[in-house]
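What the coordinates show
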Amino acid sequence: LQESDTLPHFSLLHAKAFIQPVMVSAVDQILTSGFNSKLWAIKEYALINSAVIFDEIQAYDTFTLALITQTIRKIKTLGGQVMLMSATFPKFLRNHFQDLLKIDKPIVAEELMDRKSNQWRYIDKELEDIREEIQKYLDQGKKVALVVNDVETAKKEYNYWHEKYKNKTLCLHSEFAMKDRIEKEDKLLNGSEDYQLVIATQVLEVSLDVSFEVMFSECAPIDSLVQRAGRCNRWMLYSDSEFIVFNPSKISTEYVYKKSRKILERTKEIILLNQRKLSEREINAMIEKVYDGFDIYDGNYEEGIKLYQSIADELFVFDLPID
C-alpha cells in the first residue's frame, strides 16, 4: 500500500478470486471453490493449468482431509500440478497422497533429519501450576513463548503477565482485527520492540519466522506441537533451548480437540517417553507412533467425499443458496 490504505476494487476482486499471478492463502479459501460459494467459479477458472503448493499439510480431521483430497482431484482434472510439503507427514498421510498423485517416492530432506534443535520436556501440570517455572526463565532474561489452544486462555494469561512485564509482553491470537494483528506481527518480526514474553494461540504455528529460547506449549496433537517447536531455536542460536509441554485444559479436550482426544492422549504418552534433545528423525518417529493404526477412511472422511461430490453433481454451475 503506497498512497492510501485501501486497494482499488478491481485489485481486491483479483485477490479474492485467485487471479493474481501468485496467490498465498489459507487452505479453506481454496476449499470454498468446492462449495459453489464466494466467487467459486472464478477461482476454478484460475486453477486451470495452475501450480498449487499445499504447505504444511497436517493430519487434519478426516472430514477436512476428504475436502482437500477432492480439491486436489479437481485441480488435476483442470490440468494443474500439485505439490505437498510438511514437516509432519505420518506414513498413513504420505501413502494417501502418494496414491492420489501417483508418486513413487517422496522427497525427504535427509541432510536435516539428524539436526537437534531443542530439549523436549513434559510437565504433568496445568497452566496455572507452571507460572513459577515460566517466571524462572523470564528472570534469567530468556526470550520465552507461551502457546495455548484457545483465545480466552491467551487473553487471561496476557492480563496476568502484562501486569509484571508491561511493555515486554505481546499477545497474538485470531480475534485481533487484521490491521492490529499485522502491526503486532511486524513488531515481532522486525525486532522494533524487545518483547521478552509472547503469548499466542495456534497462529504462532505457521508462517511467522521468529525464534524463542524457551517455549511452553499446551498439549495439542503431535503435528501441531512440532510446528510450534519449529519456532523454538529456529535459527539454531542457542545450545540450551527447551520446548516444554504441559497438560491440556478442559476447553482443549472438550471443544478445541474434541474429535482428537485419543491423539491428544497418545501425544502426551509419547512425549513423556522421549524427554531429551530430539533430532528431526526422532520427532518423525514420535509422529508415527502417535498415529500408528490411525484410519483415515472413516465415516467423517466418507461424508466429506460425498458432500463435495453431491454439490458438484446437483448444482454444478449454480451458486449454493446458503449464507
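Above this note sits the structure.
Residues numbered from 1 in each chain as written. Predicted model: local features only at pLDDT ≥ 70, side-chain atom pairs only at ≥ 80, totals over all residues. Heavy atoms only, no water.

Attention now goes to the overall build of the protein chain. Looking only at helices and strands, the protein chain has 13 helices and nine strands in total. With respect to the three principal axes, the spread of C-alpha positions in the protein chain is 60 × 55 × 40 Å. The buried share of the protein chain, reckoned over its 323 residues, is 44%. Sequence separation of 24 or more characterises 75% of the internal contacts of the protein chain that already satisfy a separation of 6 or more. (Helix = DSSP H or I, 4+ residues; strand = E, 2+ residues; numbered from the N terminus. Buried < 20%, exposed > 50% of the residue type's maximum accessible area, 1.4 Å probe, protein only. Contact = heavy atoms within 4.5 Å.)

Moving on: the pairing of strand S1 (residues 51-55). Across the two faces of S1 the burial differs, with Val52 and Phe54 buried and Ala51, Ile53 and Asp55 not buried at all. Looking at chain direction, S1 and strand S2 (residues 81-85) are connected through five bridges and run parallel. Residue Asp55 lies in a different strand from S2, and its bridge partner there is Met85. (Pairing = 2+ DSSP bridges.)

Let's shift gears to the nonpolar core. Counting residues in each nonpolar core, the largest one holds 61 residues, and the members touching the most others are Phe54, Ile72, Leu84, Phe97, Trp120 and Leu204. The leading source of residues in this core is helix H4 (residues 62-77), at six residues. Beyond its immediate stretch of four places on either side in the chain, Ile72 contacts Phe54, Val82, Leu84, Phe97, Leu100 and Leu101. Grouped together as the second largest cluster of nonpolar side chains are 19 residues, Ile130, Val148, Val214 and Phe216 included. (Core = buried A, V, L, I, M, F, W, Y, C linked by side-chain atoms within 4.5 Å.)

Turning our eyes to something else, we now look at a nonpolar patch on the surface. Taken together, Ile19, Leu39 and Ile42 make up a surface patch of nonpolar side chains, about 200 Å² in accessible area. As for its position among the elements, Ile19 is in the loop between helix H1 (9-16) and helix H2 (27-31). (Patch = residues over 30% accessible without salt bridge, like charges linked within 9 Å, V, L, I, M, F, W, Y side chains within 5 Å. Areas by Shrake-Rupley, 256 points an atom, 1.4 Å probe, with all protein chains shown as cover. Salt bridge = Lys/Arg side-chain N within 4 Å of Asp/Glu carboxyl O.)

A word on helix H7 (residues 151-165). End to end, H7 covers 20 Å across 15 residues, agreeing with the expected 21 Å (1.5 Å per residue, within 8%). When H7 is considered as a whole, its buried residues turn out to be Val151, Thr153, Ala154, Glu157, Trp161 and Tyr165. Summarising the contacts, the buried residues of H7 are in contact with helix H6 (131-139), strand S4 (144-147), strand S5 (169-172), strand S6 (197-200) and helix H10 (250-256). N-capping of H7 is provided by Asp150, with a side-chain oxygen placed 3.3 Å from the backbone N of Glu152. (Expected span 1.5 Å × (residues − 1). Polar contact = N/O pair within 3.5 Å; in protein donor to acceptor, adjacent residues only side chain to side chain.)

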